[in-house]
Amino acid sequence: MAKNNNNNRNTMSVEEAGKKGGEKVSQKYDQEHFENIGQKGGETTSQEHGQEFYEEIGQKGGETTSQEYDQKHFENIGQKGGETTSEKYGEEHYEKIGQKRRP
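Fair warning: this is a prediction, and the values are worked out from it, not measured in the lab.

Tallying secondary structure elements over the chain gives 4 helices and 0 strands in all. Seen in sequence order, the chain has helices and strands lined up from the N terminus as α-α-α-α. Residues classed as buried in the chain amount to 1% of the 103 residues present. A total accessible area of about 9,600 Å² is found for the chain, and carbon and sulfur atoms account for 46% of it.

And the structure:
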């Protein structure tokens, strides 16, 4: 267990110490800092792993998700996505993409 520097009278759990440390780091750095290190991590990971790696983890994630949710869940999120897209782009968007698909 992590101990407080107050003559070891007060103790805190590892979870509490981690939370306290995380809050301090969050106060020290701004959003841009975390975005930059996230991007660097993503770039490094993509250099170390090929397309096959991402296909495999995507497949595993898709299988897990399909086991956790039923057909109705996917119908609902599809409906919401369609409505959001419709509100964002309007009827002209669908007419335009519909014409692109016609031979």
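Moving on, we get to the packing of aromatic side chains. For the structure on display, the rule yields 3 aromatic pairs. Ring centres 6.3 Å apart and planes at 85° place the aromatic pair Tyr29 and Phe34 in the edge-to-face group. Note on Tyr69 and Phe74: the rings are 6.4 Å apart at their centroids and 80° apart in plane angle, and the pair reads as edge-to-face.

Together, Val25, Tyr29, Phe34 and Ile37 make up a nonpolar patch on the protein surface, roughly 320 Å² of accessible area in all. Relative to the elements of secondary structure, Val25 occurs in helix α1 (residues 14-28). What makes Val25 partly exposed here is its relative accessible area of 38%.

Looking at the chain as a whole, the pLDDT averages 88, with 87% of positions reaching at least 70. Within the chain, helix α4 (residues 71-101) has the poorest average pLDDT of any element, 88, and helix α3 (residues 51-68) the best, 95.

Conventions used here
- Residues numbered from 1 in each chain as written.
- Predicted model: local features only at pLDDT ≥ 70, side-chain atom pairs only at ≥ 80, totals over all residues.
- Heavy atoms only, no water.
- Helix = DSSP H or I, 4+ residues; strand = E, 2+ residues; numbered from the N terminus.
- Buried < 20%, exposed > 50% of the residue type's maximum accessible area, 1.4 Å probe, protein only.
- Areas by Shrake-Rupley, 256 points an atom, 1.4 Å probe, with all protein chains shown as cover.
- Phe/Tyr/Trp six-rings, centres within 6.5 Å; stacked < 30°, edge-to-face > 60°.
- Patch = residues over 30% accessible without salt bridge, like charges linked within 9 Å, V, L, I, M, F, W, Y side chains within 5 Å.
- Salt bridge = Lys/Arg side-chain N within 4 Å of Asp/Glu carboxyl O.
- pLDDT = per-residue confidence, 0-100.

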